[in-house]
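Each chain is listed here by its residues.
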Amino acid sequence: MRAKSILASLLATMLICSGAFAADLSIVSGDTGNGREFLRKQLDRFEKETGNKVKIVAMPANSSDQFGQYRLWLAAGNTDIDVYRTDVIWAPQLANQFLDLTEAMKDVVDQHFPSMIQSQTVDGKLVAMPMYTDAPAFYYRKDLLEKYKKPVPKTWDEMAATAKEIQEGERQAGNKAMYGFVFQGNAYEGLTCNALEWIKSSGGGQIIEPDGTISINNPEAVAAIDRAKGWIDTISPKGVLAYTEEESRGVWQTGNAVFMRNWPYAYALGNGPDSAIKGKFDVTTLPSSKEGQSSAATLGGWNLAISKYTKSPAEAIKLVKFLAAPEQQKERAIEIANLPTLKALYDDKDIAAAQPVITNWKPVFETAVPRPSAPTKVKYNEVSSMFWSAVHDTLSGNGTAADNLELLEAKLTELRGGSW
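The sections below set out a description of the structure shown in this document. (Residues numbered from 1 in each chain as written. Predicted model: local features only at pLDDT ≥ 70, side-chain atom pairs only at ≥ 80, totals over all residues. Heavy atoms only, no water.)

Focus: the overall build of the chain
Looking only at helices and strands, one finds 19 helices and 13 strands in the chain. Over its C-alpha atoms the chain spans a radius of gyration of 23 Å, differing by no more than 12% from the 22 Å that the globule rule assigns to 420 residues. Each principal axis of the C-alpha atoms in the chain carries an extent, and together these give about 90 × 55 × 35 Å. Across the chain, contacts joining residues at least 24 apart in sequence account for 73% of those joining residues at least 6 apart. Of the roughly 17,900 Å² of accessible surface on the chain, a fraction of 53% belongs to carbon and sulfur atoms. In the chain, which carries 45 positive and 50 negative side-chain charges, the distance between the mean positions of the two groups comes to 4 Å. (Helix = DSSP H or I, 4+ residues; strand = E, 2+ residues; numbered from the N terminus. Rg over C-alpha atoms; globule rule 2.2 N^0.38 Å. Contact = heavy atoms within 4.5 Å. Areas by Shrake-Rupley, 256 points an atom, 1.4 Å probe, with all protein chains shown as cover. Lys, Arg positive; Asp, Glu negative; His and termini not counted. Charge placed at Lys NZ, Arg CZ, Asp CG, Glu CD.)

Examining the packing of helix 18 (residues 380-396) against helix 19 (residues 401-416)
The packing of two helices is summarised by the inter-axis angle and the distance between the axes. Viewed as axis vectors pointing N to C, helix 18 and helix 19 meet at an angle of 165 degrees, and their least axial separation amounts to 9 Å. The orientation of helix 18 relative to helix 19 falls into the category roughly antiparallel. Seen from above, helix 18 lies across helix 19 with right-handed handedness. Residues Glu382, Val383, Met386, Phe387, Ala390, Asp393 and Thr394 of helix 18 form the contact with helix 19, whose participating residues are Ala401, Asn404, Leu408, Lys411, Leu412 and Leu415. (Axes fitted to C-alpha atoms, helices over the stretch in contact; angles between N-to-C directions. Parallel < 35°, antiparallel > 145°, perpendicular 65-115°, else oblique. Left-handed = near helix turned anticlockwise from the far one by under 90°.)

Things to note about the environment of Ser26
Its location among the elements puts Ser26 in strand 1 (residues 24-29). Remark: the alpha-carbon pair of Ser26 and Asp80, spanning 54 residues in sequence, is separated by 7.0 Å. Here Ser26 is in contact with Lys55, Val57, Asp80, Ile81, Asp82 and Val83, once residues within four sequence places are set aside. Here the side chain of Ser26 touches Asp80 through a polar contact of 2.4 Å, landing on its backbone oxygen. (Polar contact = N/O pair within 3.5 Å; in protein donor to acceptor, adjacent residues only side chain to side chain.)

Quick word on helix 2 (residues 35-50)
Turn by turn, an α-helix covers 3.6 residues, leaving residues three or four places apart pointing in a common direction. Over its 16 residues, helix 2 runs 22 Å from end to end, which matches the ideal 22 Å to within 8%, given 1.5 Å per residue. Three or more residues of helix 2 are buried, namely Gly35, Phe38, Leu39, Gln42, Leu43, Phe46 and Glu47. Directly after helix 2, the chain includes Gly51, whose backbone phi takes a positive value near 85 degrees. (Expected span 1.5 Å × (residues − 1). Buried < 20%, exposed > 50% of the residue type's maximum accessible area, 1.4 Å probe, protein only.)

Describing the side chain of Arg85
You can see Arg85 is positioned in strand 3 (residues 83-87). Given a relative accessible area of 3%, Arg85 falls into the buried group. For Arg85, the side chain forms a polar contact with the side chain of Tyr132, separated by 2.6 Å. Once residues within four sequence positions are removed from consideration, Arg85 is found in contact with Val28, Ser29, Gly30, Asp31, Gln66, Tyr70, Trp90, Met131, Tyr132, Trp302 and Asn303.

The analysis is restricted to geometry; functional conclusions fall outside its scope.
Put into structure tokens, the structure is as follows:
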């Protein structure tokens, strides 16, 4: 009997080591560019190290569509998804559906920027681990500015004037597809980010202030949206009203835009071997309304949360720790220019050598502005939807900025009720 017991124990050990008891995990990914392909490479390494299997559930790149699907799955108690890749703004809205990672991550949280851990902490519970952080920048064609003897624009009006001059010059020279400026103008979360930057950099506030005050209906905000409306079908294609990040990058990377507003991922792809603009561009902070007025960049970032309905919480925690770890963040920074959330990596010589642009993002972060998800809590998604709809209506010619922001203020006041 003792021999049988020992044999059974050895067999169990062998089965565990061979992965027979390993978990089948799933992670959702709505990455832009080549992000999903890169994630697969890291997951393959995780599988070899742990014996677990991880399936990627592909999602649309549009973050608003992702959020809607997440809510449906989580409300239904879906057990098919173990790990969710979450936008920085979603923590307050989805916190009750995710595991509290405070205890599991206590040995690694101090490696991250405190503000990024704080952004994912709700009612004292750490509901997601930072994967990489994000802030958009102003992309510009160095070669074209040099050709037309123009400085890098500091203000939105200077940007528009320079964009118009170079656009017309390049079209006369034969590139009929050239535009001056591309951004994300579709009616989704990306437009909230863009428009918040226009308004904040014009002295028009943050839509809803940190204390919960609704501030959107003011002359500076109206002027900022009116200015952007003037770009449509002049320096920006009319189709920009349907652009997300990838459509903007497509126009830019084929050499058909002078300026672009986009996130860091577009930098590495723009310098890829198949890019028409490789080595011809650089980035800086976004323009502001006037000299001396601070620029503004919407704070972004993606995190990893574990569904409370997962059947394999321990293995899901291992996956989150793996993807958030220094080795994976460093690789992500070097190969696809994702900005680390780990303080030490900003002094890493390998990252500086491979992606010197990452150090260029430090001043961008200095002007980063959060979306009003903290003061509006679970109502943020409705707030953002109302905001981007009002802006999109204005850009599309459906009502004036003054009228649309006044109506928006009334809707937000009704939504707030007694409190957020």
